[in-house]
Amino acid sequence: MGVSFSLANKNKEISSIDILVRFKGERYKRSSGESVNPAYWLGKGKNCSEKREYPHGKAVNARLKEIKKNCDAACDNFTKKNEIPDDVDFWKAVDILENKSKGVEIDEEEKKEEVLFVNFMQTFIDRYADEYSEDTIKQYKTAKKKILIYEEKHNVKLRFEDIDIDFYNTLKKDMNEKGYSKNYFASIVKCVKAVFNEAKDIDKLHDLETVNNKKFVVAWETADSIYLNDDELRKIHELQITEKLLRKYFPDLSKSNLQNKLESCIIVKNKFLTGCCTALRVGDFNKLNKVNIGKDFIKIATRKTEAPVIIPILPMLREIIDSGFDITTRISDQKINDQIKDICMMTGIDELVEITKSQGGKKKRMTFKKYEIVTTHTARRSGATNLYKAGIPAISIMKITGHKTEQAFMKYIKITAEENAEMLANHPYFKKQDCNQKDN
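This is a predicted model, so every value here is computed, not measured.

A. Expanded view of the overall build of the protein. Check the secondary structure of the protein and you find 18 helices and seven strands. The dimensions of the protein, computed from C-alpha atoms along their principal axes, are 95 × 60 × 45 Å. Looking at the protein as a whole, 43% of its 440 residues are labelled buried. Pairs at least 24 residues apart make up 58% of the contacts formed inside the protein by residues separated by at least 6 positions. On the protein, roughly 25,100 Å² of surface is accessible, and the fraction owed to carbon and sulfur atoms is 49%. Averaging the positions of the 79 positive and the 68 negative side-chain charges in the protein gives two centres separated by 3 Å.

Rendered as structure tokens:
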């Protein structure tokens, strides 16, 4: 049994302080409600510095001491009852002890309000950390951060009854002001609704229906994105990245930076093309291991669905592997996003493209040079689109991309009306019609 405190984010100017309680093999974690300047955080049982220049430290330590006392008392009570509580019951017991120490008496109905929404979000994250994919858990952690920002901005501690259409509209307004996309907002709302309903249906913390308001919606929009065709991918593959080429485009780079860029560009080029050849998400193609790579196929359980996927190795990917490049080399998603734009620029992928972007709740038509908007996700979209253009049935490609319906898949791939007409013209059916006309 033990109670400890740690910083939620030591890199922030002001970090909240988390509580971690270990009891009979279980771990219970949540925010303490206190925050501190990381420069004055001692940790290792000493908690916060109480130096003269940081008078706030003494008050923080007093509060943490009180929290530890209540956590220890809760553990003692569960030990006497020979019970091992779940996360919700443990913190409920701590909150009851805290209220009693303040002389506040609460009835059973009021106890339901003790679990704040953001605390239950952490319970939800901890509960499914080993069950959901890493990417899904990351989405819930992001949603929790946005709710904490909301609480700080509006000086509130959200209860379940506060998660209503007014909250929805205010959160939407806040995120629009920050310039977030419609889909980003939708991803946050999706997580909020899932946590809210978990608390209602599984933990019985409330019986509210506020998120079922017809205007409290998870509204996705179809992304207006680009893809790279086979010719463009071949040009990238054949691009010889040398110091001479980099000096031409980046004359201000120092010799050491030039060498670093040369090495990272070569890695990024081959990793990006690996994504294009497999139609995998960056989290999957960037973390391939040697065990995933066979003679003719790549076999991998994707992170998001955990479903096994088997992908034939395309000739371009075979050339990359046979060149001696270690396909298992890892590089950050951000570095791929940064460097692939430069690589596409040097390749000459600079045609002007117009796309619609949703920013701050408004749709805007913007024009870019194509290389400016190439990202890690372009690799996956390019792979899926080029496979489809090659005549491979959508249902077969969906086994790789993980799309559940053909309708969703068709929204995902990107082909122009001209490309669609060309595919039809090259189809055997149209060739047959042409032959029949000649015979007549």
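B. Region of the structure containing helix α5 (residues 134-154). For α5, built from 21 residues, the straight-helix expectation of 30 Å at 1.5 Å per residue is met to within 8% by its first-to-last C-alpha distance of 30 Å. Looking at the buried positions of α5, the neighbouring elements they touch are α4 (117-128), α6 (165-177) and α7 (182-201). The first or second residue beyond α5 is Asn 155, which carries a positive phi of 55 degrees.

C. Seen up close, the pattern of salt bridges. As enumerated under the stated definition, the model contains 20 salt bridges in all. Its salt-bridge partner being Lys 173, residue Glu 177 comes within 2.7 Å of it at the nearest N-O pair. You can see Glu 177 and its partner Lys 173 sitting in helix α6, four residues apart, about one turn around the helix. For Asp 201, the salt bridge goes to Lys 200, with nearest N and O atoms at 3.3 Å.

D. Examining the pairing of strand β2 (residues 15-23) more closely. A large share of β2 lies buried, amounting to seven of its nine residues. Pairing of β2 with strand β3 (residues 26-36), which is carried by eight bridges, proceeds in the antiparallel orientation. Across the sheet, residue Asp 18 finds its bridge partner in β3, namely Ser 31. Linkage of β2 to β3, two consecutive antiparallel strands, is achieved through a turn of two residues, within which Lys 24 is found at a positive phi near 50 degrees.

Criteria and thresholds
Residues numbered from 1 in each chain as written. Predicted model: local features only at pLDDT ≥ 70, side-chain atom pairs only at ≥ 80, totals over all residues. Heavy atoms only, no water. Helix = DSSP H or I, 4+ residues; strand = E, 2+ residues; numbered from the N terminus. Buried < 20%, exposed > 50% of the residue type's maximum accessible area, 1.4 Å probe, protein only. Contact = heavy atoms within 4.5 Å. Areas by Shrake-Rupley, 256 points an atom, 1.4 Å probe, with all protein chains shown as cover. Lys, Arg positive; Asp, Glu negative; His and termini not counted. Charge placed at Lys NZ, Arg CZ, Asp CG, Glu CD. Expected span 1.5 Å × (residues − 1). Salt bridge = Lys/Arg side-chain N within 4 Å of Asp/Glu carboxyl O. Pairing = 2+ DSSP bridges.

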